[in-house]
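# Structural overview for review
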Amino acid sequence: MPVKYVYMGTATGSSNVALPTTRLILYLKKRRHRRRNAQAGQGAFTEHGRTRRGRLGATASLLNRIAEEWYRQVVAWWYELRGNVVLFDRHFLFEHAAHARELRQGPMRLTDRIHLAMLYRLYPRPDLVLFLDAPLPVLLARKQEWSEEHLRRHREGILEIGTRMARFVTLDATRPLDDVVQTAAGAILEARAGKSG
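Residues numbered from 1 in each chain as written. Predicted model: local features only at pLDDT ≥ 70, side-chain atom pairs only at ≥ 80, totals over all residues. Heavy atoms only, no water.

The subject of this paragraph is the confidence of the model for the protein chain. With 88% of its residues at a pLDDT of 70 or more, the protein chain has an overall mean of 84. The lowest-confidence element of the protein chain is helix α4 (residues 100-104), averaging 62 in pLDDT; the highest-confidence one is strand β4 (residues 168-172), averaging 95. In this model, residues 43-52 is a region of pLDDT below 50 whose contacts with residues beyond four sequence positions or in other chains number five contacts. (pLDDT = per-residue confidence, 0-100. Helix = DSSP H or I, 4+ residues; strand = E, 2+ residues; numbered from the N terminus. Contact = heavy atoms within 4.5 Å.)

Positive charge collects at one region of the surface, where Lys 30, Arg 31, Arg 34 and Arg 35 lie side by side. Residue class for Arg 35 comes out partly exposed when judged on its relative accessible area of 40%. (Patch = residues over 30% accessible without salt bridge, like charges linked within 9 Å, V, L, I, M, F, W, Y side chains within 5 Å. Areas by Shrake-Rupley, 256 points an atom, 1.4 Å probe, with all protein chains shown as cover. Salt bridge = Lys/Arg side-chain N within 4 Å of Asp/Glu carboxyl O. Lys, Arg positive; Asp, Glu negative; His and termini not counted. Charge placed at Lys NZ, Arg CZ, Asp CG, Glu CD. Buried < 20%, exposed > 50% of the residue type's maximum accessible area, 1.4 Å probe, protein only.)

Moving on, we come to the layout of surface pockets. In this approach, a probe sized like a water molecule rolls over the atoms, and the result shows the empty space that is left. Roughly 930 Å³ of internal volume is contained in the second largest pocket. In terms of residue class, the lining of the second largest pocket is built from eight nonpolar, 11 polar and 12 charged. (1 Å grid on protein atoms, 1.4 Å probe; cavity = no way out; pocket = protein on both sides within 12 Å on 5 of 7 lines; lining within 4 Å. Points joined across faces, edges and corners; volume = space filled by probe spheres on them. Nonpolar A, V, L, I, M, F, W, Y, C, P; charged D, E, K, R; others polar.)

Bringing the nonpolar core into the picture now. Residues Phe 94, Leu 119, Tyr 123 and Phe 168 are the most contacted members of the largest nonpolar core, which totals 22 residues. Mapped by element, the contributors of at least two residues to this core are α2 (47-81), α3 (92-95), α5 (110-121), β3 (129-133) and α7 (148-162). Those residues within four positions of Phe 168 in sequence are excluded, and the remaining contacts are Phe 94, Val 129, Phe 131, Ile 158, Leu 159 and Gly 162. (Core = buried A, V, L, I, M, F, W, Y, C linked by side-chain atoms within 4.5 Å.)

With that settled, the discussion passes to the packing of aromatic side chains. Considering all chains together, one arrives at five aromatic pairs under this definition. Each ring, one from Trp 70 and one from Trp 77, has its centre 6.4 Å from the other, and the planes form 50°; the classification is tilted. Residue classification places Trp 77 among the partly exposed residues on the basis of a relative accessible area of 37%. With 5.1 Å between their ring centres and 70° between their planes, Trp 70 and Tyr 123 make a pair best called edge-to-face. One end of the pair, Trp 70, is in helix α2; the other, Tyr 123, is in the loop between α5 and β3, with 53 residues separating them in the sequence. One aromatic cluster in this structure is built from Trp 70, Trp 77, Phe 92 and Tyr 123. (Phe/Tyr/Trp six-rings, centres within 6.5 Å; stacked < 30°, edge-to-face > 60°.)

This next bit is on the pattern of salt bridges. Any two side chains of opposite charge can pair, given that their charged atoms come close. Inspection of the entire model under this criterion finds nine salt bridges. For Arg 155, the salt bridge goes to Asp 133, with nearest N and O atoms at 2.8 Å. Residue Arg 155 is located in helix α7, and its partner Asp 133 is located in strand β3; the two are separated by 22 residues in the primary sequence. With relative accessibility at 28%, the residue Arg 155 sits in the partly exposed group. Here the salt bridges do not stand alone but share partners, grouping Arg 65, Arg 109 and Asp 112 into one network.

Following this line, the structure appears as structure tokens:
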């Protein structure tokens, strides 16, 4: 089967498909961060200025984030229309899984609430999700930049979203590689046959 790969995560630097505005925003954020560090303690930013720029920046960031997510989805549809199987590395629906419960329960910034509502109510679901699951100690060893609590919440959020999907397959990542590959290949072929049948 012809396959096209699309990175569907939030790390712009890792993306093989991205809007130019997304890369520009990332560059400007880094530049602004360096400038603020250089001007710290000099009174260069008033409280009013920070608040106003913060609101405008948050709105621009929200609009670009939504445009970026839909742009990558359109690219995936284009590949699919041309007969390809599209393999997503990560997916926006699951990248924010740690915050899925907060959307219903806890306090959240308005821009984040709008963004998550769009993702969970309007954004297309993949035809098949292969979730490589592992115990928390294994995850902690691999993702040392995250706390155990964050990884636990993220994993639970992914599994919760998965219960509402037609094809969500949990793969035990501690099993031998050949077993994991065989199970994944079987799930892909079954989903492909179900879609064409």
